[in-house]
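# Survey of secondary and tertiary structure
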Amino acid sequence: MPRGRRRPRGGLALALCAAALARSALALAPVGAPAAAFTTELHRRQLRTKEDHTIALTDYFNNQYVGSLEIGTPPQKLTVVFDTGSSDLWLPAKKCGAKCGKHDTFDGSKSSTYEQVMNPHGTPAAFEVDYGSGRVTGAQARDTVTVGGLKIEKVKFGEVDYEDEEIREFMMDGIAGMAFPGLAMVTQPTLLELLHEQHPEVPYLFSVYLSTNPDDKKSHLAFGSYDLSLVGKNASWHYTPLVRRGDEDTTLRYWLTKLKGVDLEAGDAWCGKGCYAIVDSGTSGLGLPDDVYDDFVAAVTRGLNCKDVTCYYASEDDFPDLSFSLEPDNVFPLRARDYVSCSRWGECVVKVQKASGSPYWILGDVFTEAYYTLYDVENLRVGFACEGECEGGGWHGKGGYVDVDDPSVWAQLLVAFAALSVVGILAHACYRYAKIRRRTKRFYAAQAAAAPPMPPAPASPKPVVGEGDIESVAL
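The paragraphs below set out a description of the structure included in this document.

Criteria and thresholds
- Residues numbered from 1 in each chain as written.
- Predicted model: local features only at pLDDT ≥ 70, side-chain atom pairs only at ≥ 80, totals over all residues.
- Heavy atoms only, no water.
- Helix = DSSP H or I, 4+ residues; strand = E, 2+ residues; numbered from the N terminus.
- Buried < 20%, exposed > 50% of the residue type's maximum accessible area, 1.4 Å probe, protein only.
- Contact = heavy atoms within 4.5 Å.
- Arc of directions from axis to C-beta.
- Disulfide = S-S within 2.5 Å.
- Phe/Tyr/Trp six-rings, centres within 6.5 Å; stacked < 30°, edge-to-face > 60°.
- Core = buried A, V, L, I, M, F, W, Y, C linked by side-chain atoms within 4.5 Å.

## A few points about the side chain of Ser-323
Note on placement: Ser-323 falls in strand E24 (residues 322–326). Among the residues examined, Ser-323 registers a relative accessible area of 18% and is labelled buried. For Ser-323, the contacting residues outside a window of four places in its chain are Gly-261, Val-262, Asp-263, Val-331, Phe-332 and Pro-333.

Written as structure tokens, this is what we have:
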């Protein structure tokens, strides 16, 4: 929740791919149509709705991408991470106060559509969820939520009255889950289900464009639309189908895809027999299963002076490129510039993290910064946009976090201010010293002028030189 500057820990670690991640080895199967159907491209260059349902995303240190929603009647605006790794909506309540840090809060007493959810015993229904970054607790409630101009009525959500310390430090106020019903603990039906039910005219999909380049088009999430011209005039979607447990019902949980292989330019490889990856906008880096993490980090930092994922006296050119092979036949490279960030001083950070005990790989913001992403709920697939052959994120500027330890304009100003302050202090000290010296001289001069004249000193008697004595003569 939440990736630089030395980043907030955990690459959001909102490892918002939540605590509920299944831990057993699972037999998984594609959902819906056979794999061949997923190679079909949408031929439209753009898909637009009659009204614009786009939400601007603010980039905080390339580590958290935060957007706004409104809740209540009249609406109150709060900020959230739109998280494809979870399915619940939660927001801090007014009574949370200091236990929610500096986050803006929701005041249900000011909303005419607010309802408190009660359990069968007549007491407020509790809400609690654990993330990789900590825990939030509170009560359940129901109200009207507006996202991208789309009003959604009777949304159940968690009204939080306590956040663990690390979550209090996140830039966003709350979380809006964008995954499937199988993960929802409170928001049932999910935001996506209610949006589709109440606004069937809006295509059942959304697209996410993340840019780390301030001169590029702004990061955003768009409900019901996409624009491939963001990538290039010949760009197209490369789809991979969603998969689910082979022994479960049709209820989906994650934006889960089949990973056929992860290959390193240097020759190392993982997932040769197949594994699975969650496309998760709530995780900043690449999430790796615990049993893979150490080998992966050792492979990408081989021959370098590193401590875990931080390397010294290095540059991006010292790291290998990666490639991710996804069903049915897609290969998506990640260049070193996409998953490594280096300062001009030679300190580099590899943007990977452990996947909070999950057996799945997690394709977090590092991946979706490199590839404009379409979440196609209707057809149960994820699309990644490429113009011609997929080449990573170089098409819209450098990926990854803000350069580690690379002084920003503000940092440079602070350094300059500190230097000038030191010079000023020294100059002031010299001035004060000179001033005191002048005052001291004037004081003694005045004292000398005011004193009575001193009587002449008596003449010293001339010594008598006797026989055997030698008188010294000044030459």
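Back to the text.
## Remarks on helix H3 (residues 290–300)
An α-helical turn contains 3.6 residues, so a residue and the one three or four places further along point in the same direction. Every buried residue of H3 is listed here: Val-292, Tyr-293, Phe-296, Val-297, Ala-299 and Val-300. Down the axis of H3, the smallest arc covering the buried residues is 155°, so these residues share one side. Of the exposed residues in H3, those oriented more than 90 degrees away from the buried face are Asp-291 and Asp-294.

## Quick look at the state of the cysteines
Counted by the stated rule, this structure contains five disulfides. The partner cysteine of Cys-96 in its disulfide is Cys-100, sulfur to sulfur 1.8 Å. As the torsion about the S-S bond is roughly 85°, the Cys-96-Cys-100 disulfide counts as right-handed. Judged by its relative accessible area of 0%, Cys-100 is buried. Linked covalently through their sulfurs, Cys-306 and Cys-311 form a disulfide whose S-S length is 2.0 Å. Its torsion about the S-S bond being 105°, the disulfide of Cys-306 and Cys-311 is classed as right-handed. Classification of Cys-306 as partly exposed rests on a relative accessible area of 25%. By relative accessible area, Cys-311 is classed as buried at 0%. For the chain, the bonded cysteines connect in the pattern 1-2, 3-4, 5-6, 7-8, 9-10 when numbered consecutively along the sequence.

## Details of the packing of aromatic side chains
For the coordinates displayed, the defined rule picks out 20 aromatic pairs. Taking the centre distance of 6.2 Å and the plane angle of 50° together, the rings of Phe-206 and Phe-223 count as tilted. Pair noted here: Phe-206 is in strand E13 (residues 205–209) and Phe-223 is in strand E14 (residues 220–223), with a separation of 17 residues, a long-range link. Pair check on accessibility: Phe-206 and Phe-223 agree, each one buried. An angle of 40° between the planes, with centres 5.3 Å apart, marks the rings of Phe-367 and Tyr-371 as tilted. Accessibility assignment for this pair places Phe-367 and Tyr-371 in one class, buried. Put simply, the rings of Trp-270, Phe-296, Phe-324, Phe-332, Trp-361, Phe-367, Tyr-371 and Phe-384 pair up and form one aromatic cluster.

## Some thoughts on the nonpolar core
Ranked by internal contacts, the top residues of the largest apolar core, which has 88 residues, are Phe-206, Phe-223, Trp-255, Phe-296, Phe-319, Phe-324 and Trp-361. Of the residues forming this core, the biggest block, six residues, is contributed by H3. Setting aside chain neighbours within four positions, we find Phe-206 in contact with Thr-84, Met-178, Leu-192, Leu-221, Ala-222, Phe-223, Gly-224, Trp-255, Thr-373, Leu-374, Tyr-375 and Val-377. Grouped together as the second largest cluster of nonpolar side chains are 15 residues, Val-66, Val-129, Val-136 and Ile-167 included.

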